[in-house]
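Here is what each chain is made of, one letter per residue.
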Amino acid sequence: NPIGILLANLISPAVVTEETYIPVLFGIYGIPAVLACVMATAGISEKEPPTPPSASAVNLVPEPFFSGLKQLMTNKAYIILMLSFGSGVGLFTAFSSFLEQILCYKGYSNFFAGLCGALFIFFGFVGALLCGLYVDRTKKFTEVVKICFCLSSLASIAFAVVSSLRDQAVWLGIISLLFGFFGFAAYPIAMELAVECSHPVGEGTSTGLSFISGQIQSLIYMLLLQSLTRTVAASSLSSCGEGQIEISDWSVSTLVMAGLGSLGSCVFVIFFHTDYKRLQLEGKSTDNEEIPGVTSS
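Residues numbered from 1 in each chain as written. Predicted model: local features only at pLDDT ≥ 70, side-chain atom pairs only at ≥ 80, totals over all residues. Heavy atoms only, no water.

By the naming in an unreviewed UniProt entry, the protein chain is Solute carrier family 49 member A3, taken from Pelobates cultripes.

Written out as structure tokens, the structure reads:
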């Protein structure tokens, strides 16, 4: 997913140098999307791997969907994680979608906005990889997610301030890099944490509901941030496109975005506490018997 967004940030400004190339861009994105859909539909025929992926999966009978859904809605830790994770997804979606419009008002080019988006995604991929390796060894899911949420909130505040200034390309690049590094680092670990705090509810239910929360909040935040923009007259100092009569000032929107990110981080840091239910079960299983096909560490 992050690699696809990274490619989109690099390909879009390179292909669409004129309005007539927009259909070409749709084709470039549409063909691999259709191929992926066909491959996923026709190529996946088994519901689970031939050997258990973990000790907890050996004798696990997942909860029925509606029973699992009921358990999730009464699980305080999961609800806090779901809302906080969804808030993060919503803000990252809004950031990557509106980045060009935010920056062009202060004279930053479309190419530079695409570069910032690429830095945001690429270093997010690096952050997710490094933090994932660290958590895999230490099992400090909660601590890492809390730290990443806080640091990404600080990066969003810095972006809100610096993006309102002109000629700050270097700082904007660094902030985009850090925003992606810490924001995306929490992405896969929060998914693991959702499974840990909701076990034995099926992973598909707990992670799927978190993604739905993210998509709903993405829509809300995008509508909210757009509504807070201030329409101004086009200026020669702006790079929002030749011939535009009006452009938008996103200063208030970026401050609100930073505030929402900070609020979500504070709620998660203060109120989220959980036991690692799946890891505890795996520890008991490996203590009691040797599991075929599963190596304990």
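A. Highlighting the overall build of the protein chain. Looking only at helices and strands, the protein chain has 10 helices and two strands in total. In sequence order, the protein chain lays out its α and β elements as α-α-α-α-α-α-α-α-β-β-α-α. Counting the 297 residues in the protein chain, one finds 40% classified as buried. Sequence separation of 24 or more characterises 78% of the internal contacts of the protein chain that already satisfy a separation of 6 or more. (Helix = DSSP H or I, 4+ residues; strand = E, 2+ residues; numbered from the N terminus. Buried < 20%, exposed > 50% of the residue type's maximum accessible area, 1.4 Å probe, protein only. Contact = heavy atoms within 4.5 Å.)

B. Structural context of the UniProt feature "transmembrane region" (unreviewed entry) in the protein chain. Taking the UniProt record as the reference, the feature "transmembrane region" (unreviewed entry) is found at residues 20-44, 77-99, 111-135, 147-165, 171-190 and 250-272. Taken end to end, residues 20-44 comprises 88% helix and 0% strand; its first and last C-alpha atoms sit 38 Å apart. Within residues 171-190, the helical portion is 100% and the strand portion 0%, while the C-alpha atoms at the span's ends are 28 Å from each other. (UniProt positions renumbered as here; feature names shortened; annotations may be inferred.)

C. Seen up close, the packing of aromatic side chains. One pass over the structure, following the stated rule, counts 19 aromatic pairs. Residues Phe149 and Phe268 carry aromatic rings whose centres are separated by 5.1 Å and whose planes lie at 55 degrees to one another, so their mutual orientation is tilted. Placement of the pair is Phe149 in helix H6 (residues 141-162) and Phe268 in helix H9 (residues 251-271), with a sequence separation of 119 residues. This pair shows no difference in class: Phe149 is buried, exactly as Phe268 is. On the numbers, 5.1 Å between centres and 80 degrees between planes, the contact of Phe181 with Phe182 is edge-to-face. The rings of Phe85, Phe92, Phe95, Phe120, Phe159, Phe179, Phe184, Tyr187 and Phe211 are connected pair by pair, giving a single aromatic cluster. (Phe/Tyr/Trp six-rings, centres within 6.5 Å; stacked < 30°, edge-to-face > 60°.)

D. Representation of the side chain of Ser253 within the structure. Its location among the elements puts Ser253 in helix H9. Apart from residues no more than four positions distant in its own chain, Ser253 is found in contact with Leu225, Leu228 and Thr229.

E. How the structure looks around the nonpolar core. Counting residues in hydrophobic clusters, the biggest one holds 28 residues, and the most contacted among them are Tyr78, Leu81, Val145, Ile189, Leu193, Phe268 and Phe272. Of all elements in the fold, only helix H4 (76-104), helix H5 (110-138), H6 and helix H7 (169-198) reach the threshold of two or more residues within this core. Apart from residues no more than four positions distant in its own chain, Leu81 is found in contact with Gly86, Ala190, Leu193, Ala194, Cys197, Phe268 and Phe272. Counting residues in hydrophobic clusters, the runner-up holds 27 residues, among them Ile102, Ala113, Ala118 and Ala155. (Core = buried A, V, L, I, M, F, W, Y, C linked by side-chain atoms within 4.5 Å.)

F. Structural context of unusual backbone geometry. With an omega of 10 degrees, the peptide bond running from His199 to Pro200 counts as cis. By the element assignment, Pro200 lies in the loop between H7 and helix H8 (203-227). The residue Asp167 is not glycine, and still its phi comes out positive at about 60 degrees. Within the element layout of this structure, Asp167 appears in the loop between H6 and H7. Using a relative accessible area of 72% as the deciding quantity, one classes Asp167 as exposed.

G. How the structure looks around the packing of helix H3 (residues 65-73) against H8. In the contact formed by H3 and H8, the axes pass within 10 Å of each other and the chain directions differ by 55 degrees. Comparing their axes, H8 and H3 come out oblique. Like other packed secondary-structure pairs, H3 and H8 cross with a definite hand, here right-handed. Listed contacts from H8 to Phe65, Leu69, Leu72 and Met73 of H3 are Thr205, Ser206 and Leu209. In terms of residue class, the contact of H3 with H8 is built from five nonpolar, two polar and no charged. (Axes fitted to C-alpha atoms, helices over the stretch in contact; angles between N-to-C directions. Parallel < 35°, antiparallel > 145°, perpendicular 65-115°, else oblique. Left-handed = near helix turned anticlockwise from the far one by under 90°. Nonpolar A, V, L, I, M, F, W, Y, C, P; charged D, E, K, R; others polar.)

H. The pattern of salt bridges, seen in detail. Counted according to the given criterion, the structure contains four salt bridges. Between Asp136 and Lys139 there is a salt bridge; the shortest N-O distance is 3.8 Å. By relative accessible area, which is 54% here, Asp136 ends up exposed. The class of Lys139 is partly exposed, set by a relative accessible area of 31%. (Salt bridge = Lys/Arg side-chain N within 4 Å of Asp/Glu carboxyl O.)

I. Quick look at the side chain of Gln217. On the secondary structure map, Gln217 appears in helix H8. If we ignore the near neighbours within four places in the chain, the residues touching Gln217 are Met82, Leu83, Gly86, Ser87 and Gly90.

J. A look at the confidence of the model for the protein chain. For the protein chain, mean pLDDT is 83; residues scoring 70 or higher make up 87% of the total. With pLDDT under 50 throughout, residues 290-297 is counted as low confidence; its partners more than four residues away or in other chains account for nine contacts. (pLDDT = per-residue confidence, 0-100.)

K. Main features of a nonpolar patch on the surface. A cluster of nonpolar side chains, contributed by Ile147, Leu151, Leu154, Ile157 and Val161, occupies part of the molecular surface with about 420 Å² of accessible area. By the element assignment, Leu151 lies in helix H6. (Patch = residues over 30% accessible without salt bridge, like charges linked within 9 Å, V, L, I, M, F, W, Y side chains within 5 Å. Areas by Shrake-Rupley, 256 points an atom, 1.4 Å probe, with all protein chains shown as cover.)

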